[in-house]
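Each chain, letter by letter, is given below.
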Amino acid sequence: MKLYISCFLLLSAAWVFADGTQTWEQSKFDEFEKGTTRSVAIRSEGTLELAPQFKPLYTSPSTYLWAVTTDSAGNVYAAAGSPAQVYRITPDGKSQVIFEPKELQIQALAEHDGVLYAATSPDGKVYSIQLSPASLPANEKKKTASASNSKTGSSKAEKKSDEVGSSQESSANTNAKVFFDPQTKYIWDLAVDKSGQLYVATGDNGQIFRVSKSGEGSLFFKSDEAHIRVLAFDRQGNLLAGSDGSGLIYRITPSGEAFVLYSASKKEITALAVDEDNNIYASGIGEKRPLAPAPPPGAAPPMNQPTVTTGTITIMPAAPQAGAGSSPLAMSTSAGGSEIYKISSDGSPTQLWNSRDELVYALAFERIAGKQRLVAGTGNKGRIFAIRDHGDYTDLVKASANQVTAMANGVDGTLYAATSNLGKVFVLGPSLDSEGNYESDVFDARLFSQWGRMEVRGQGNFELLARSGNVDNPDRNWSPWEKVNFSSPDGSLIKTPPARFIQWKAVLHGGQKTPEIESVILNYRSKNVAPVIDEVAVQVGARFPAGLKSSGESTTVIVGGDNNPQQPKQRMESFAPAATRDRNSIAVRWSAHDDNNDDLVYSLFYRGEGETQWRPLTKDKIADKFYSFDTDLLPDGAYTIKMVASDAPSHSPEDALMAEKESSRFEVDNTPPRIEDLNAAFLPDNGGQIHVTFRANDTFSPIRRAEYSFDANDWQFIEPVGKISDSKTENYDFNIPLPSAVVGEHVVVVRAYDQFDNVGSAKTVVRSQK
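It should be emphasised that the depicted structure is a prediction, and the values quoted were computed from it without experimental measurement. (Residues numbered from 1 in each chain as written. Predicted model: local features only at pLDDT ≥ 70, side-chain atom pairs only at ≥ 80, totals over all residues. Heavy atoms only, no water.)

Concerning the overall build of the chain
In step 1: Counting its secondary structure elements, the chain contains 5 helices and 59 strands.
In step 2: Taking all 770 residues of the chain together, the buried fraction comes to 53%.
In step 3: A separation threshold of at least 6 residues defines the contact pool for the chain, and within that pool the share at least 24 residues apart is 60%.
In step 4: Surface exposure of the chain reaches about 35,700 Å², of which carbon and sulfur atoms provide 48%. (Helix = DSSP H or I, 4+ residues; strand = E, 2+ residues; numbered from the N terminus. Buried < 20%, exposed > 50% of the residue type's maximum accessible area, 1.4 Å probe, protein only. Contact = heavy atoms within 4.5 Å. Areas by Shrake-Rupley, 256 points an atom, 1.4 Å probe, with all protein chains shown as cover.)

Spelled out as structure tokens, the structure:
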């Protein structure tokens, strides 16, 4: 039965439920992933639950652990490089180096009947290591003793066994010998069938070799891919192989007949696993790319050995003293993420899971409540996921290393995970942890806030705690964690101080009913702050179209909220669209915002230059962010407009706050210039001219230009006396030449414009003579 639990963090309930209450909710995987877990797993559906036990078993001095396997006595074997070493780790965490070859890397391990096989790279071999009787159960000690009295393997293997450890004298190599040399560049994986035959996956010729118990090897399968990266067996004893290049998954019968089960969308198959029902699971990484054109015949080889990248592992040329430096095999940051595929027992494939960020290096099964569950070891955050058949998944645990590179099942139901960067071995399961903690991400309310009710949806035994502070780092003098007491009669025994930041913590306790948390909602209310008017702009000679409304045609930007749950929604009001030109109007527009996300209303006032009283320009408060009016409402003069913004729609009258801002000074001039003392006279000199004089006068703004028209011809520009038009009064004196044939009455029209394009005109009539 699921419970819906509500608890108060504060006593002031009336304040909490006032206008302006906001919520911070965490109920999705991406939201929970921002927090910090300890023994808590996160399901993709958005649920917190107890994680399997996950403990470090051994921390090696090696940076990279590439493979891991177990024996029937419960010992764990881990392959490392560089330098190349095999560690034997007992169930209590004690370790011993049992093999140190001269090669740089041990890439793969396999154990069968008291013999450990180890494959080295590059230019490596397969070694057999006879495990000591002390590490084996009683029923296998007799097999080991019998095997030590007989000679196995080819003469070639016996000869090469003398070379093991020649560069390093070590007692660790006493029971090791060269078992098989495939004469290839890379050995990627090993697998042993039920009869004890060993299969060796290699590159860069894409070959699989089958090796008998005596060490006699032969080519079992040749692919047209460059690398066979991983091997596994299905329930019918067929060999499964995954390639690098085209991302192919092969099924190969014991007789060597191959069939491609699936061509993945990724280029490299990094892991294979088969469940009890013979369903095949595979992981792929890397984007497929067209093959580069082959070099022309006879082209010289490159001077330097190239770097070979196989997606998961980048193989670089061996340094002169590679053992002293970093590993020659470095983890790749393959682009494009990874995918997990399921090939059902009937052969039908589906893509089960994908991630843009995680790279899957290993697949295995853990057993939960008697059922198998697929788990994936990933990088480059060291996470282990549980993958379910319908595509849902659980982020189980995170290792204190960058990559989970290999996994192997133990005899008691545990799962061992080997990691790189750092080289460690962990034990996963088989039971859930008894207690787990989850700390949420720090929530920034952006303003000093008071915290209200915390609403939790979940089941089982868990506790909630909360703390708050005024810096974004909880370690810098926040309030202590305070437990939320669900059983309190008033539901609000704990006071978390008002602050800007808050964080919650869940403690999950194991029991008969597994604890789960599906949703946490925190109600809060930020202290009301006054609106902010960012700008007020006045445009003389413009008007906004009639019927234009802010809700549909101005630009409103919502910051935070759904796209960023960590930031509350904030409405940023931008300028309205551009006004249209209208010389008889004035357009006012403004931008404003409110950090509380309150609804705002606006009032406009105006005041003339030299005046002290503000007069209302609008009768009612408006919600738009722009306003226009006729210029003839104001006499000629200079003015300032004041904008007042109020958050009254979101608050009671006593709590509402206002802000105001004044515009820049602007001028209104509706009166045109006057034309005074217009005179025109005929001058017979120079073939005849009309001499014109007049004065243009404006009461408010300077005269900007003047023009004349003679007998209804085109307007002609005229300059004032003094050549510069910059005064409220300008005098004009000019001559109009007459055509020789024009005699009689003539009409002269003059006009003058002020700074605001108001125009005044006048005419006169003059008679010319011969």
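Structure's up, so let's keep going.
Considerations on the packing of aromatic side chains
In step 1: Counted according to the given criterion, the structure contains 29 aromatic pairs.
In step 2: Ring centres of Trp 353 and Phe 385 lie 5.6 Å apart, and the angle between their planes is 45°; on these two criteria the pair is classed as tilted. A residue pair is termed long-range when its members are at least 10 positions apart, and Trp 353 in strand S29 (residues 349-355) and Phe 385 in strand S32 (residues 383-387) qualify at 32 residues. Each member of the pair, Trp 353 as well as Phe 385, is classed as buried.
In step 3: A cation over an aromatic ring shows up here: Arg 229 above the ring of Trp 188, its NZ or CZ 4.8 Å from the ring centre.
In step 4: The side chain of Lys 642 reaches across the aromatic face of Phe 605, ending 5.5 Å from its centre. (Phe/Tyr/Trp six-rings, centres within 6.5 Å; stacked < 30°, edge-to-face > 60°. Lys NZ or Arg CZ within 6 Å of the ring centre and 35° of its normal.)

Some remarks on the sheet that holds strand S54 (residues 689-697)
Note on sheets: strands pair through backbone hydrogen bonds, and any given pair is parallel or antiparallel.
In step 1: With respect to topology, 3 strands assemble into an open sheet ordered S53-S54-S57, the strand pairing being antiparallel. The open sheet has two free edges, formed respectively by strand S53 (674-683) and strand S57 (729-737), since each of these has just one partner strand. The sheet shows a mean angle of 10° between the axes of neighbouring strands, taken without regard to direction.
In step 2: Note: S53 against S54, 8 bridges, orientation antiparallel. Among the inter-strand pairings, Ile 675 is bridged to a residue of S54, identified as Ala 696. (Pairing = 2+ DSSP bridges. Axes fitted to C-alpha atoms, helices over the stretch in contact; angles between N-to-C directions.)

Focus on the environment of Arg 210
In step 1: Tracing the chain through its elements places Arg 210 in strand S17 (residues 207-211).
In step 2: You can call Arg 210 partly exposed: its relative accessible area is 22%.
In step 3: A sequence separation of 19 residues divides Arg 210 from Ala 191, and the C-alpha atoms of the two residues are 9.6 Å apart.
In step 4: Residue contacts for Arg 210: discarding those within four places in its chain leaves Gln 197, Leu 198, Tyr 199, Glu 216, Gly 217, Ser 218, Phe 220 and Pro 254.

A look at the side chain of Asp 598
In step 1: Inspection of the secondary structure puts Asp 598 in the loop between strand S46 (580-593) and strand S47 (601-608).
In step 2: Within the buried core, Asp 598 has no salt-bridge partner, and the shortest N-O distance to an opposite charge, that of Arg 525, equals 7.2 Å.
In step 3: Within the structure, the side chain of Asp 598 is placed 2.7 Å from the side chain of His 651, a separation counted as a polar contact. (Lys, Arg positive; Asp, Glu negative; His and termini not counted. Salt bridge = Lys/Arg side-chain N within 4 Å of Asp/Glu carboxyl O. Polar contact = N/O pair within 3.5 Å; in protein donor to acceptor, adjacent residues only side chain to side chain.)

Observations concerning the pairing of strand S23 (residues 266-274)
In step 1: Summarising burial for S23: 9 of the 9 residues are buried, a large majority.
In step 2: Both S23 and strand S24 (residues 280-287) contribute to a ladder of 7 bridges, which runs antiparallel. Bridging from a neighbouring strand, Ala 271 pairs with Ser 283 of S24.
In step 3: Count of turn residues in the S23/S24 antiparallel hairpin: 5 residues, of which Asn 278 carries a positive phi of about 70°.

A few points about the sheet that holds strand S8 (residues 76-80)
In step 1: Across the sheet, which stays open at both edges, the 4 strands sit in the order S7-S8-S9-S10 with antiparallel pairing between neighbours. Where the open sheet ends on each side, the last strands, each with one partner, are strand S7 (65-70) and strand S10 (95-99). Neighbour-to-neighbour, the strand axes of this sheet turn through a mean angle of 25°, independent of strand direction.
In step 2: Bridge count for S7 against S8 is 5 bridges, and the pairing is antiparallel. Bridge pairing links Thr 69 to Tyr 77 in S8.

Quick notes on the pattern of salt bridges
In step 1: Scanning the model with the defined rule gives 32 salt bridges in all.
In step 2: Among the salt bridges present, the one from Lys 266 reaches Glu 287, with a minimum N-O distance of 2.6 Å. You can see Lys 266 sitting in strand S23 and its partner Glu 287 sitting in strand S24, a full 21 residues away along the chain.
In step 3: Accessibility expressed as a relative area gives 33% for Glu 287, which makes it partly exposed.
In step 4: By sharing partners, the salt bridges in this structure join Arg 43, Glu 45, Glu 49, Arg 388 and Glu 516 into a single network.

As for the nonpolar core
In step 1: Counting 25 residues, the largest nonpolar core has Leu 48, Met 454, Leu 464, Trp 504 and Ile 517 as the members making the most contacts within it.
In step 2: It is strand S38 (residues 443-459) that contributes the most residues to this core, 5 residues altogether.
In step 3: Leu 48 has contacts with Phe 32, Val 40, Ala 41, Ile 42, Tyr 438, Trp 504, Leu 508, Pro 515, Glu 516 and Ile 517, leaving out every residue within four places of it along the chain. (Core = buried A, V, L, I, M, F, W, Y, C linked by side-chain atoms within 4.5 Å.)

Here we look at the environment of Val 274
In step 1: By the secondary structure assignment, Val 274 is in strand S23.
In step 2: Setting aside anything within four residues of it in sequence, one finds Val 274 in contact with Phe 233, Asp 234, Arg 235, Leu 240, Asn 279, Ile 280 and Phe 365.

Observations concerning the confidence of the model for the chain
In step 1: Summary statistics for the chain give a mean pLDDT of 83 and a share of 80% for residues scoring 70 or more.
In step 2: Every residue in residues 292-333 scores below 50 in pLDDT, and together they form 82 contacts with partners more than four places removed in sequence or on other chains.
In step 3: Here residues 551-575 scores under 50 on pLDDT; set against residues more than four positions off or in separate chains, the count is 74 contacts. (pLDDT = per-residue confidence, 0-100.)

So, the pairing of S7
In step 1: Within S7, 6 of the 6 residues are buried, leaving the element largely enclosed by the surrounding structure.
In step 2: In this structure, the hairpin formed by S7 and S8 is closed by a connection of 5 residues, where Gly 74 is found at a positive phi of approximately 95°.

Re unusual backbone geometry
In step 1: The peptide bond linking Ser 82 to Pro 83 adopts the cis configuration, its omega dihedral lying at 5°.
In step 2: Here Pro 83 shows up in the loop between S8 and strand S9 (85-89).
In step 3: Residue Pro 122 is reached from Ser 121 by a cis peptide bond, and omega for that bond is -15°.
In step 4: On the secondary structure map, Pro 122 appears in the loop between strand S12 (115-121) and strand S13 (126-130).
In step 5: Even without a glycine there, the phi angle at Asn 597 is positive, about 65°.
In step 6: Looking at Asn 597, the relative accessible area reads 24%, which means it is partly exposed.
In step 7: For Asp 757, which is not glycine, the phi torsion reads 65° and is therefore positive.

Concerning the environment of Lys 213
In step 1: Structurally, Lys 213 can be placed in the loop between S17 and strand S18 (217-222).
In step 2: Between the C-alpha atoms of Lys 213 and Gln 197, which are 16 residues apart in sequence, the distance is 5.9 Å.
In step 3: Lys 213 has contacts with Asp 113, Phe 179, Ser 195 and Gly 196, leaving out every residue within four places of it along the chain.

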